[in-house]
Amino acid sequence: MVSPPDDELMTLRAAIDGDLDAFNLLLTRCQDAAFSIAYRMTGDRALAADMVQEAVITAYRGIRTLRGERFRPWLLRIVVNRCTDELRRRRRRPTVSLTPDQPDSSDDELPIPDSAPLPEEVAQTRELHAAIQACIDRLSLDQRAVLVLCDIEEMDYQAIADTVGTQVGTVKSRLSRARAAVRDCLQSSRELLPAVYRLYRQDDDRNS
Amino acid sequence: MITQTDLELLNAYIDDQLDADQRAALDARLATDSELRAQLTSLRATVAAITALPMLTAPRPFTLTREQARRARALPFRQLAALASAAAAVLVVVGVLTARGGAPVSVNTNVFSGGTRAIAALPTGTVLLEVLEAVDTEVSADSAVAAAPVEAPTLAKSAAPPFTQLPAPTLAQDTASMFAAPSDDDANTEAMADSIMPAQNSAGLGEAQSESSAVMRQASPSVIMGTGLPSPSSLPSAPRVRRDAVDMLLLRIVTIVIGALIALLSLRAA
């Protein structure tokens, strides 16, 4: 377990002692990450926001139990678990479509890096992001959680295992299956993908 | 041929999670295995595409206001209601399991165990009758007839009804088992089966009618039970006792099921 730096430690202690401002300060440092994770898990902005808000309330209630752990992975764990619970609940009672038919592309009002991309490039990037999200949405919840924590939050295997409550071996297995599934999913719609993503297929073809 | 193990190795390779030896071994394979190399390339591109997904901006601040924080710390009404109903369910179950015992149970249990020991030591029905007379002068007419070792052919008929009508031993076993092990379902079920199926007992009694001493041993616990109770007037009639026992069993089963359901639902809601 990585120890929090001193300033975070002090803020964390204050939050644990009931200081709401300290709690909010810790939260503001990772709420974008929390929302990103929730969105990648659910594929739905409104639901993701609800999940984060509920996770924040859960975190505030349980902040006293947080000892010797960093706030961010702890909060993200709550977010992932909340999303998983909600998606499972909806799957059991499918009154609401689990994943939107059309990927929610509004997330990709992204600040495209580099200077002044062409509108066509922006559209292509959005299309790619929407395609990737649609492929993530098809994963099982277990695989999705591991993939999101590894490739979005960039946690190491042990941290993921701690977060989802399983063994490192299981994380490896789920992650490899998840990535292979996303790869196959993307390849099945490769014509829709920008050339930059299709490049590796040409490499593959050459190699094979 | 790429196996699942290969896929896991490749992913760990991409994530830099292999130790030096594993990495060197995989590098050696990659140098000669084009299929493995192709897999690595495609997986790398996939990871690159996923990690390139943008970090989203929270659509609103998720920070808590003082009021939200106060409400968050207070137990929500739903949780309170759920906890209350769970507690109520537990109380109902505990109440039903224990409230039917009390004084009669202790009397029955003591008398039954004492009576059994007495019977075990008795070789003949004649001696048994003497003991019965000594133990209790208020023995009921039915019980006396049932216990009498005379007229063997009719004994089965006469013995069977009292035995079935007086499930006191089984009631005692039943209630005693409740006290001894309230959570022991097997014991309770066994006791329930005893009191629910007196017909089998009486059938067994009929088969044994030619052996009067055996009949006496079988019939005697119920007789002893009848004689050992405080007074006939305070004892409900035999069929009534049986119905009560069955009713109690049904009530317990229904209560346990309802209680468990309520508790389960409450805890899920909480």
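See the structure printed just above.
Residues numbered from 1 in each chain as written. Chains lettered and ligands numbered in written order. Predicted model: local features only at pLDDT ≥ 70, side-chain atom pairs only at ≥ 80, totals over all residues. Heavy atoms only, no water.

(A) Region of the structure containing the side chain of Thr163 of chain A. Residue and element names in this part refer to chain A. Here Thr163 shows up in helix H7 (residues 157-164). A distance of 2.8 Å separates a polar atom in the side chain of Thr163 from the backbone oxygen of Ala159. Among all residues touching Thr163, those that are not within four sequence positions of it are Arg77, Asn81, Leu149 and Met155. (Helix = DSSP H or I, 4+ residues; strand = E, 2+ residues; numbered from the N terminus. Polar contact = N/O pair within 3.5 Å; in protein donor to acceptor, adjacent residues only side chain to side chain. Contact = heavy atoms within 4.5 Å.)

(B) Spatial organisation of the packing of aromatic side chains. Residue and element names in this part refer to chain A. Within the structure shown, the criterion is met by 3 aromatic pairs over all chains. Residues Phe23 and Tyr60 carry aromatic rings whose centres are separated by 5.1 Å and whose planes lie at 75° to one another, so their mutual orientation is edge-to-face. Of this pair, Phe23 sits in helix H2 (residues 20-42) while Tyr60 sits in helix H3 (residues 45-62); the two residues are 37 residues apart in sequence, bridging distant segments of the chain. Looking at Tyr60, the relative accessible area reads 5%, which means it is buried. (Phe/Tyr/Trp six-rings, centres within 6.5 Å; stacked < 30°, edge-to-face > 60°. Buried < 20%, exposed > 50% of the residue type's maximum accessible area, 1.4 Å probe, protein only.)

(C) Local environment of H3 of chain A. Its 18 residues give H3 of chain A an end-to-end C-alpha distance of 25 Å, which sits within 8% of 26 Å, the value for a rise of 1.5 Å per residue. Listed as buried for H3 of chain A are Leu47, Ala48, Ala49, Met51, Val52, Gln53, Ala55, Val56, Ala59, Tyr60 and Gly62 of chain A. Next to the buried residues of H3 of chain A lie H2 and helix H4 (71-92) of chain A together with helix H4 (66-73) of chain B. For H3 of chain A, the N-terminal cap is Asp44 of chain A; the gap from its side-chain oxygen to the backbone nitrogen of Ala46 of chain A is 3.0 Å. (Expected span 1.5 Å × (residues − 1).)

(D) Looking closely at the interface of chain B and chain A. At the junction of the two partners, chain B supplies 40 residues and chain A supplies 54 residues. Of the roughly 4,300 Å² buried at the junction of chain B and chain A (both faces included), carbon and sulfur atoms supply 59%. When the buried area of chain B at its contact with chain A is split by residue, Leu56, Phe62 and Arg73 of chain B rank highest and sum to 18% of it. Note that Asp21 of chain A is salt-bridged to Arg66 of chain B, the shortest N-O span being 3.2 Å. The interface formed by chain B and chain A contains 15 residue pairs in polar contact (both at pLDDT 80 or more). Where the side of chain B that touches chain A is concerned, the elements lending two or more residues are helix H1 (4-14), helix H3 (34-51) and H4 of chain B. Considering each element in turn, the side of chain B that touches chain A owes the most residues, 13 residues, to H3 of chain B. Of the residues in the side of chain B that touches chain A, the class split is 21 nonpolar, 12 polar and 7 charged. (Buried area = accessible area lost by both parts, 1.4 Å probe. Salt bridge = Lys/Arg side-chain N within 4 Å of Asp/Glu carboxyl O. Nonpolar A, V, L, I, M, F, W, Y, C, P; charged D, E, K, R; others polar.)

(E) Looking closely at the environment of Leu91 of chain B. With respect to the helices and strands, Leu91 of chain B occurs in helix H5 (residues 77-99). Considered as a pair, Leu91 of chain B and Gly259 of chain B are 168 residues apart in the sequence and their alpha carbons are 8.8 Å apart.

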